[in-house]
Amino acid sequence: MDQMSRRNWIAASGGILFAAISHRAFAFPPLPAGRRSADLPSVHAYLMPDCDCCTAWVEHLRKAGFAVTTEIATGGDFTPWQKRYRIPPAIDICHLATVGAYVLVGHVPADLVRQMLGEQPRLLGIMVPGMPAGSPGMEGMGRAQPYDVLALHTDGRTTVYAKR
Ligand SMILES: [Cu+2]
């Protein structure tokens, strides 16, 4: 096999292997902390001014491999977003973010962001209401408590996406 056909053979067999392993369950495998995946869409986060838990959540995402850009939400007002993504108005929001076609509200764990991106569900996004102690970015803010991660549906409903 000469150099060129060998290269082609490798490219072709690599393609087959890639097709075989690129089942959606493997689309976003766990990454070692601190490594970025070129496959992951970047996150753009809107933060309340002077918000420590927001910054800690952004760091949590970065450690999980996401590239994150940030912006301070004007006046800390999330009302336009709440309308757009049908986020229940009674929810306290310290930050929200977009990733791909989805919205993330509150202290959503990075592994669930990966899971959602891998599954591509028909959702507006996922949300952790109420800034629960022990959620990513809320560590050390009192005793860790169990919390629900909610799915935001296009019809305005919310259901439990995961329990933590
Ligand atoms: Cu917070």
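Residues numbered from 1 in each chain as written. Predicted model: local features only at pLDDT ≥ 70, side-chain atom pairs only at ≥ 80, totals over all residues.

J.: So what's going on with the nonpolar core? Residues and values would help.
T.: Judged by nonpolar contacts, the single largest core of 41 residues is most densely connected at Leu 96, Leu 104, Ile 126 and Met 127. At the level of secondary structure, the elements contributing two or more residues to this core comprise β1 (43–47), α2 (52–63), β3 (95–99), β4 (102–106), α4 (110–119), β5 (125–128) and β6 (148–152). When residues in this core are grouped by element, the largest group, 5 residues, is from α2. Excluding its chain neighbours within four sequence positions, the residues that come into contact with Ile 126 are Leu 104, Val 108, Leu 112, Met 116, Val 149, Leu 150, Ala 151, Leu 152 and Tyr 161. (Core = buried A, V, L, I, M, F, W, Y, C linked by C-beta atoms within 7 Å. Buried ≥ 20, exposed ≤ 12 C-beta atoms within 10 Å, placed from the backbone. Helix = DSSP H or I, 4+ residues; strand = E, 2+ residues; numbered from the N terminus. Contact = placed C-beta atoms within 7 Å.)

J.: Could you give an account of the sheet that holds β4, naming the residues involved and the relevant values?
T.: By definition, the strands of a sheet pair up through backbone hydrogen bonds, in either a parallel or an antiparallel sense. Spatial ordering of the open sheet is given by β2-β1-β3-β4-β5-β6-β7, a layout of 7 strands whose pairing is mixed. The open sheet has two edge strands, β2 (68–72) and β7 (158–163), and neither has a second partner. Recorded for the sheet is a direction-independent mean angle of 25° between the axes of neighbouring strands. Inspection of the sheet shows β1 paired to β3 by 5 bridges, in the antiparallel sense. (Pairing = 2+ DSSP bridges. Axes fitted to C-alpha atoms, helices over the stretch in contact; angles between N-to-C directions.)

J.: Tell me about α2, and please be specific about residues and values.
T.: Spanning 12 residues, α2 covers 17 Å between terminal C-alpha atoms, matching the ideal 16 Å at 1.5 Å per step. Inspection of α2 places Cys 53, Cys 54, Trp 57, Val 58, His 60 and Leu 61 among the buried residues, and these make up the whole buried set. Each buried residue of α2 lies within a common arc of 155° when the element is viewed along its axis, so the set occupies one face. Packed against the buried residues of α2 are β1, β2, β3 and α4. Looking one or two residues past α2, Gly 65 carries a phi angle of roughly 105°, positive in sign. (Expected span 1.5 Å × (residues − 1). Arc of directions from axis to C-beta.)

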